[in-house]
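Examining the three-dimensional arrangement
Spelled out from the first residue to the last, the chains are:
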Amino acid sequence: MSISSEMHRSADIHKRRSAAVARGVSSMIQSYVDHASGGTLSDVDGREWIDMAAGIAVTNVGNASPRVVAAVQAQVERFTHTCFMIAPYESYVAVCEQLNALTPGSFEKRSALFNSGAEAVENAVKIARHATGRRAVVVFDHAYHGRTNLTMALTAKDMPYKHGFGPFAGEIYRVPMSYPFRDGLAGPDAAALAINTIEKQVGADQVAAVLIEPIQGEGGFVVPAPGFLPALAAWAKANGAMFVADEIQTGFCRTGDWFASTHEGVEPDIVTTAKGIAGGLPLAAVTGRAEVMDAVHVGGLGGTYGGNPIACAAALASIETMRELELAAAARRIESVMLPRLRELQQRHAFIGDVRGRGAMLAIEIVVPDSAAPGTITAERGYARGAPLGATPDPAKTAEIQRLAHQAGLLLLTCGTYGNVIRFLPPLVMDDATLDRALGLLESSL
Ligand SMILES: Cc1ncc(COP(=O)(O)O)c(CNCCCC(=O)O)c1O
């Protein structure tokens, strides 16, 4: 079918889409993007959206960020692809140098580049198994790590990610996560629960990797209680297992540091990154201790497109933008503006059971008011109203709030095992006026 020259309106494109695109690939809205910048998107009908999604924590530097655009334009004219395994190029090396310097840990590191987050996680598991000679991988309740066969096995939620796609890869073991709003446990106690499960059901000497998101993304923006991550990292170190931080959603200034592991001084043996790394171009990476990464035989890692030169150019420009604009500080400022406003909303709406997150990775959990099981511990730690634990999730209300927000032009994402978490992922370059408008639209949607 020839594409006519004039702009198709969203409805026309949507009709074509139904006849061309597999229904398994869903889209949250039926507006088709025409252009975007900073913190807003505009669709082909001229409608503007305030972007609280950033393409799922990808356009941290903003959409069509000037430095990224210039770097991509310059690169694409020189060469588009040679395959780094065949004819290498400097920008791949430069991205690895940046990753080795920026990720937590003052030890010598090596990196390898891939295309998607799932591919990076797959390779992190390959590397951890090679480095330890062990097979078992420990993951957590509510985890999300991708949609490939192995990463589906690592991911917790059945629908929509895993349903009907099995059988899944073996030697994957799931243990309890620290979820303060629902377990009421201090970090060390939650870690003891997880470690006990590992030791009793897996065997410490079988574990190749303990794999965790420092703040869980798709699983509900679950921020583990202080002490949880350091206790797990210490256990992994003491038992010869790799501590693998999946920083694909939390990385690149999103949570107020370059990487979220830094918040509690955790230095992972291996870190996976993607999303925010390249301002929207598809790039992912595994970075780790040099001796761990180099445990793999020559030729054991690779792929045709891994570290595509255009994506590498975008990554170098994106990282330069984060430095120049001090986007980790920008994320902390977004937190300082948004968190108090979200807590005010929690005071006004009993269905907001929890407000949590860090930097520009914030969320509210929507529950049925006063629905905690009788005799449930009442959390004392910092909740506005001493929110009861175990409150019943309200996914229907969550979806209604999201629908109203979209109607008002606020692009809002949900997440969570129970589908009852509204998450906020603004580009880190979003200005105060736009942020204020976004919060106003959220308030009216609530
Ligand atoms: C922590 C963490 N690890 C791994 C991944 C996977 O990254 P890919 O680039 O989507 O493969 C993610 C991707 N999260 C968004 C997935 C959206 C969807 O597919 O519905 C993540 O957040």
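Quantities reported herein were computed from a predicted structural model and do not represent experimental measurements. (Residues numbered from 1 in each chain as written. Predicted model: local features only at pLDDT ≥ 70, side-chain atom pairs only at ≥ 80, totals over all residues. Heavy atoms only, no water.)

A few words now on the domain arrangement of the chain. Looking at the chain, the domain boundaries give domain 1 (9–61 + 326–445) and domain 2 (67–324). Listed per partner, the contact involves 46 residues of domain 1 and 39 residues of domain 2. Among the residues of domain 1 in contact with domain 2, Val 61, Arg 358 and Met 361 are the three that bury the most area, contributing 24% of the side total. At the junction of domain 1 with domain 2, the criterion picks out two salt bridges. Where Arg 182 meets Glu 365, a salt bridge forms, and the shortest distance between an N and an O atom there is 2.8 Å. Across the contact surface, domain 1 and domain 2 share 23 residue pairs in polar contact (both at pLDDT 80 or more). Mapped by element, the contributors of at least two residues to the side of domain 1 that touches domain 2 are helix 2 (54–57), helix 12 (327–348), strand 11 (352–358), strand 12 (361–366) and strand 15 (421–424). With five residues, the single largest contributor to the side of domain 1 that touches domain 2 is strand 11. Of the residues in the side of domain 1 that touches domain 2, the class split is 27 nonpolar, 11 polar and eight charged. (Domains from an automatic or database assignment. Contact = heavy atoms within 4.5 Å. Buried area = accessible area lost by both parts, 1.4 Å probe. Salt bridge = Lys/Arg side-chain N within 4 Å of Asp/Glu carboxyl O. Polar contact = N/O pair within 3.5 Å; in protein donor to acceptor, adjacent residues only side chain to side chain. Helix = DSSP H or I, 4+ residues; strand = E, 2+ residues; numbered from the N terminus. Nonpolar A, V, L, I, M, F, W, Y, C, P; charged D, E, K, R; others polar.)

This part takes up the pairing of strand 2 (residues 40–43). Here strand 2 shows two buried faces, one formed by Thr 40 and Ser 42 and the other by Leu 41 and Asp 43. Relative to strand 2, strand 1 (residues 33–37) is paired through four bridges, and the arrangement is antiparallel. Among the inter-strand pairings, His 35 is bridged to a residue of strand 2, identified as Ser 42. The antiparallel pairing of strand 2 with strand 3 (residues 48–51) creates a hairpin that spans four residues between the two strands, and Gly 46 there sits at a positive phi of about 85°. (Buried < 20%, exposed > 50% of the residue type's maximum accessible area, 1.4 Å probe, protein only. Pairing = 2+ DSSP bridges.)

Glancing now at the sheet that holds strand 1. Strand order across the open sheet formed by four strands is 1-2-3-13, with mixed pairing between neighbours. Each edge of the sheet is formed by a strand with only one pairing partner; in this case those strands are strand 1 and strand 13 (410–411). In terms of strand pairing, strand 3 meets strand 13 through two bridges, oriented parallel. Counterpart to Asp 51 in the pairing with strand 13 is Leu 411. Along the sheet face, helix 14 (residues 432–445) touches strand 2, strand 3 and strand 13 and points at about 100° away from the line of strand 3. (Axes fitted to C-alpha atoms, helices over the stretch in contact; angles between N-to-C directions.)

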